[in-house]
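Single-letter residue listing:
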Amino acid sequence: MDKIGRFGDLGGQYVPETVMNAVTELQEAYDRYKNDPQFLAELHELYRNYAFRPSLLYYAEKMTRDLGGPKIYIKREDLNHTGSHKINNALGQVLLAKHMGKKRIIAETGAGQHGVATATICAYFDMECEVYMGREDMERQALNVYRMELLGAKVTGVDSGTATLKDAINEAMRDWATNIETTFYCIGSVMGPHPYPTMVRDFQKIIGEEAKAQILEAEGRLPDCVVACVGGGSNAMGIFYDFIGDKSVRLVGAEAAGRGIETGEHAATVSKGSLGIFHGMKSLFLQNDEGQIAPVFSISAGLDYPGIGPEHAHLHETGRADYVAVTDEEAVQAFEYLSKTEGIIPAIESAHAVAAARRIAPTMGKDQIMIINLSGRGDKDVQQIARYRGVDINA
Ligand SMILES: *Cc1c(COP(=O)(O)O)cnc(C)c1O
């Protein structure tokens, strides 16, 4: 990183003056705590005793045999408390908020996964929690709304714009700027103004650190390929980061092609996006000719974001990571495949990574090694996949 909060020319702090005070306060606090031994000791203790880390690195023997290519390992973030990698980041940010003396946490959520993770940690720390959620998403994800309320959070519906994730982020930013004294804004991915992309990556990089130690223990060498799904990009940055300096390791991000990248109904930001400034950062976004943010579509609510974190855009720009687009149909097939082959039902987001792995594995040698990051478990998606397949599960 050349300048503060920049990845090449990307990232930065493009926020209105009213938000700048909050951003500066957070940046100073993060600079102070990020290398503080006591803060890091507390964080790692919570990783262990609350999130149940380290997560398993599982050798997928049947998948390996079936695809006939590299030895395939799966990093089991689905086994974390609350069922995904989101808990790593929520733990880090709420712990930081506590050290900053903040009493109130706000968050945005799309599908509800980040909202649930944040509400969970707030329950644990006895903090006030308010989650902004697009009205449209609240209807689609009613169960997660109730889950957050059960955990003691207040869920506030957002009606502006398309009443989805990007509008929830706008509303949370407004709240943050107004209530800066008491309030900490816990962002759910490696996006937003600096320090968020760096800070969220730092709280997620434990995934790659563990995976590297685990593969060295199991195989005595580094993997040849690491695959992860990309929405905003936090689980992918988490597993990629510790491997970036290892040039022999190919890094592959799988983004959501929805109904196909030629249909206009997708969330394939790297394939189809262009440079822009939105939500406080310079990065790649799906936008129209006037620069307005375009509507996005994916079967996976967690990948349904019209942008990508600036560090990913930079990894793409420099060619250090490759990004491939996976359609809904391919993701659903991978969802079914992993369930039947390994007895692991993946989150539909994670199934995008499995689909990319199925495409890449046959091009690799038997003496090679691949790691797939399984960002979350699929219980939450079973009903939707049944509907997609036309199965009436209420019959
Ligand atoms: C939220 C979510 C994602 C997408 O977010 P990233 O920031 O790109 O990781 C992927 N998988 C699961 C299970 C999620 O809940």
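Going by the structure above, here's the rest.
Residues numbered from 1 in each chain as written. Predicted model: local features only at pLDDT ≥ 70, side-chain atom pairs only at ≥ 80, totals over all residues. Heavy atoms only, no water.

> Can you help me understand the overall build of the protein in this one?
Scanning the protein from terminus to terminus reveals 16 helices and 14 strands. Summarising its shape, the C-alpha atoms of the protein cover approximately 55 × 50 × 45 Å along the three principal directions. For the protein, the accessible area works out to roughly 15,700 Å², and carbon and sulfur atoms hold 49% of it. For the protein, the centre of its 40 positive side-chain charges and the centre of its 53 negative side-chain charges are spaced 3 Å apart. (Helix = DSSP H or I, 4+ residues; strand = E, 2+ residues; numbered from the N terminus. Areas by Shrake-Rupley, 256 points an atom, 1.4 Å probe, with all protein chains shown as cover. Lys, Arg positive; Asp, Glu negative; His and termini not counted. Charge placed at Lys NZ, Arg CZ, Asp CG, Glu CD.)

> Honestly, helix H2 (residues 37-49) in this entry has me stumped. Any pointers?
Since the α-helix turns once every 3.6 residues, residues separated by three or four places project in the same direction. Over its 13 residues, H2 runs 18 Å from end to end, which matches the ideal 18 Å to within 8%, given 1.5 Å per residue. Taken together, the buried positions of H2 are occupied by Phe39, Leu43, Leu46 and Tyr47. Each buried residue of H2 lies within a common arc of 105° when the element is viewed along its axis, so the set occupies one face. When the buried face of H2 is taken as reference, the exposed residues oriented beyond 90 degrees from it are Pro37, Gln38 and Asn49. (Expected span 1.5 Å × (residues − 1). Buried < 20%, exposed > 50% of the residue type's maximum accessible area, 1.4 Å probe, protein only. Arc of directions from axis to C-beta.)

> What is the right way to look at unusual backbone geometry in this model?
A negative phi angle is the norm for most residues apart from glycine, just as the trans form is the norm for most peptide bonds. Looking along the chain, the bond that leaves Arg53 and enters Pro54 is cis, with omega of -5°. Of note, the amide linkage connecting His194 to Pro195 takes the cis form, showing an omega dihedral of 15°. Within the element layout of this structure, Pro195 appears in the loop between strand S8 (183-186) and helix H9 (196-204). Its identity as a non-glycine residue notwithstanding, Phe52 has a phi of 70°, on the positive side. Residue placement: Phe52 occurs in the loop between H2 and strand S3 (57-59). In this structure, His279 is a non-glycine residue whose phi angle is positive, near 50°. Along the polypeptide, His279 turns up in the loop between strand S11 (274-278) and strand S12 (281-285).

> Please clarify how the packing of helix H5 (residues 113-125) against helix H7 (residues 142-150) should be interpreted in this entry.
Each packed pair of helices is defined by two parameters, the angle between the axes and the distance between the axes. Two numbers describe how H5 lies on H7: the axes approach to 9 Å, and their chain directions differ by 10°. Between H5 and H7, the angle falls in the class roughly parallel. In this structure, H5 contributes Gln113, Gly115, Val116 and Ala119 to the contact, and H7 contributes Asn144, Arg147 and Met148. In terms of residue class, the contact of H5 with H7 is built from three nonpolar, three polar and one charged. (Axes fitted to C-alpha atoms, helices over the stretch in contact; angles between N-to-C directions. Parallel < 35°, antiparallel > 145°, perpendicular 65-115°, else oblique. Contact = heavy atoms within 4.5 Å. Nonpolar A, V, L, I, M, F, W, Y, C, P; charged D, E, K, R; others polar.)

> Could you clarify how one ought to interpret the site of the ligand in this entry?
Lys86, Ser189, Gly231, Ser234 and Ser375 are the nearest of the 18 residues found near the ligand. Take His85: an N or O atom from its side chain is 3.0 Å from an oxygen atom of the ligand. A distance of 2.7 Å separates an oxygen atom of the ligand from a polar atom in the backbone of Gly233. Burial of the ligand by the protein amounts to 97% of the accessible area it has alone, namely 380 Å². (Near = heavy atom within 4 Å. Polar contact = N/O pair within 3.5 Å; in protein donor to acceptor, adjacent residues only side chain to side chain.)

> Quick question: what am I supposed to make of the nonpolar core here?
When a protein is soluble and globular, its nonpolar side chains tend to lie buried together. Leu96, Trp176, Tyr185 and Phe240 are the most contacted members of the largest nonpolar core, which totals 90 residues. Not counting chain neighbours up to four residues away, the residues in contact with Leu96 comprise Leu26, Ala29, Tyr30, Tyr33, Phe39, Phe184 and Met199. Met63, Val252, Ile348 and Met370 belong to the second-largest nonpolar core, a separate cluster that totals 37 residues. (Core = buried A, V, L, I, M, F, W, Y, C linked by side-chain atoms within 4.5 Å.)

> How should the packing of aromatic side chains be read in this particular structure?
Both the distance between ring centres and the angle between the ring planes are used here to describe each pair of aromatic rings. With the rule as written, the count across this model stands at 10 aromatic pairs. Both rings, one in Tyr59 and one in Tyr73, keep their centres 5.2 Å apart while their planes meet at 40°; by these two values the pair is tilted. Of this pair, Tyr59 sits in strand S3 while Tyr73 sits in strand S4 (residues 71-76), placing them 14 residues apart in sequence. Judged by centre distance (5.9 Å) and plane angle (85°), the ring pair of Phe278 and Phe285 falls under edge-to-face. (Phe/Tyr/Trp six-rings, centres within 6.5 Å; stacked < 30°, edge-to-face > 60°.)

> Explanation requested: the environment of Ala268 in the structure shown.
Mapping Ala268 onto the fold places it in the loop between strand S10 (250-258) and helix H12 (269-272). Owing to a relative accessible area of 0%, Ala268 belongs among the buried residues under this scheme. Each C-alpha atom of the pair Ala268 and Gly110 lies 17 Å from the other, and the pair is 158 residues apart in sequence. Once residues lying within four places of it in the same chain are set aside, the contact partners of Ala268 are Glu255, Ala256, Ala257, Ile261, Gly273, Leu286 and Ala325.

> How should I be thinking about the side chain of His266 in this particular structure?
Structurally, His266 can be placed in the loop between S10 and H12. In this structure the side chain of His266 is engaged in a polar contact, spanning 3.0 Å, whose partner is the backbone nitrogen of Ala268. Those residues in contact with His266 that lie beyond four places of it in its chain are Ala256, Ala257, Gly258, Gly260, Ile261, Lys272, Leu286, Pro295, Val296 and Phe297.

> Is there a simple way to think about the state of the cysteines in this case?
Linking two cysteines covalently through their sulfur atoms gives a disulfide. Counted under the stated rule, the structure contains zero disulfides. Left unpaired, Cys186 is separated from the closest cysteine sulfur, that of Cys122, by 7.4 Å. Unpaired in this structure, Cys225 has its nearest cysteine sulfur neighbour in Cys229, at a distance of 14 Å. (Disulfide = S-S within 2.5 Å.)

> For this particular structure, what's the right way to read the sheet that holds S3?
Note on sheets: strands pair through backbone hydrogen bonds, and any given pair is parallel or antiparallel. The strand order S3-S4-S14-S9-S10-S13 describes an open sheet built from six strands, whose pairing is mixed. In the strand order of this sheet, the two ends are held by S3 and strand S13 (321-327), each with one partner. Across the sheet, the mean angle separating the axes of adjacent strands is 25° when strand polarity is ignored. Where S3 meets S4, three bridges bridge the pair, whose relative direction is antiparallel. Considered in S4, the bridge of Tyr58 is made with Ile74. Where helix H15 (residues 348-360) meets the sheet, it contacts strand S9 (225-229), S10, S13 and strand S14 (369-374), and its direction lies at approximately 145° from that of S9. (Pairing = 2+ DSSP bridges.)

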